[in-house]
Structure formats: C-alpha cells, structure tokens
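So you can see what is in the structure, the chains are spelled out below.
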Amino acid sequence: MTIYVGNLSFRATEEDVREVFAEYGPVSRVSLPVDRETGRLRGFAFIEMEEDAHEDAAISELDGAEWFGRQLRVSKARPKDDRRPAARSGGYAEN
C-alpha cells in the first residue's frame, strides 16, 4: 500500500517527511513530486512503509494533524485508474 499526503508544506523535505512517518514504523520510500516547469514541490507526497499496520497507524494519527502550519490530508493512495481526470482548459464545447 502507498500513503498519499496532501496539503504538504512546500518547505518540507524528504528527510522531514521520513522522520515524521518513521515514528509509526520503518519507511521504505518517500516521493515528493516536483513541478516540471518550476522545479518547486507540488505540495503532496507518497510514502511507503514496510508493513500495512504501520501505514494504517500513520494514516489514523496524521490525517488532519497540523504540520509546518498546514493541516495534512493523509490517506491510502488511490491507483491511477481511480483518480479523476485533470481538468482541461482551452477546449471547444460541442453544441
């Protein structure tokens, strides 16, 4: 399972995120996506932990917690197929 962390501070580093989640068990991977054009963090992360029980505990404890002045949204990551498509702009409406 993978954990999704939303509303993440743009100041948070991989080490910061790893340290917080390590309180609930060993962290095997942290991914902080970066905007291709600006190089800035996108404000969310994906975390993988060694055991599902540790991931469940982290989700339960950290969802809604305030960190770096922001209220985190922590949940199980949805597979790509389950996500809503991105809104597109500049298209033409068919009549």
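Residues numbered from 1 in each chain as written. Predicted model: local features only at pLDDT ≥ 70, side-chain atom pairs only at ≥ 80, totals over all residues. Heavy atoms only, no water.

By the naming in an unreviewed UniProt entry, the protein chain goes by RNA-binding protein and is assigned to Synechococcus elongatus PCC 11801.

Let us look at the nonpolar core. Among the nonpolar cores identified, the biggest contains 19 residues, and Ile3, Val5, Leu8, Val17, Phe21, Ile47 and Val74 are the most heavily contacted of them. Of all elements in the fold, only β1 (3-6), α1 (14-22), β2 (27-31), β3 (45-49) and α2 (52-62) reach the threshold of two or more residues within this core. In this structure isoleucine 3 touches Phe21, Ala45, Phe46, Ile47, Met49, Glu55, Ala58, Ile59, Val74, Ser75 and Ala77, once residues within four positions along its chain are discounted. (Core = buried A, V, L, I, M, F, W, Y, C linked by side-chain atoms within 4.5 Å. Buried < 20%, exposed > 50% of the residue type's maximum accessible area, 1.4 Å probe, protein only. Helix = DSSP H or I, 4+ residues; strand = E, 2+ residues; numbered from the N terminus. Contact = heavy atoms within 4.5 Å.)

Glancing now at the pattern of salt bridges. Inspection of every chain in the model, using the stated rule, returns two salt bridges. In this structure, the salt-bridge partner of glutamate 14 is arginine 18, at a minimum N-O distance of 3.3 Å. You can see glutamate 14 and its partner arginine 18 sitting in helix α1, four residues apart, about one turn around the helix. Accessibility expressed as a relative area gives 29% for arginine 18, which makes it partly exposed. Among the salt bridges present, the one from arginine 29 reaches glutamate 48, with a minimum N-O distance of 3.1 Å. (Salt bridge = Lys/Arg side-chain N within 4 Å of Asp/Glu carboxyl O.)

Along α2, the residues that are buried comprise Glu55, Ala58, Ile59 and Leu62. Buried residues of α2, seen end-on, are gathered within an arc of 100° and therefore sit on one face of the element. Residues of α2 that are exposed and angled more than 90 degrees away from the buried face: Ala53, Ser60 and Glu61. Contact partners of the buried residues in α2: β1, α1, β3 and β6 (73-76). (Arc of directions from axis to C-beta.)

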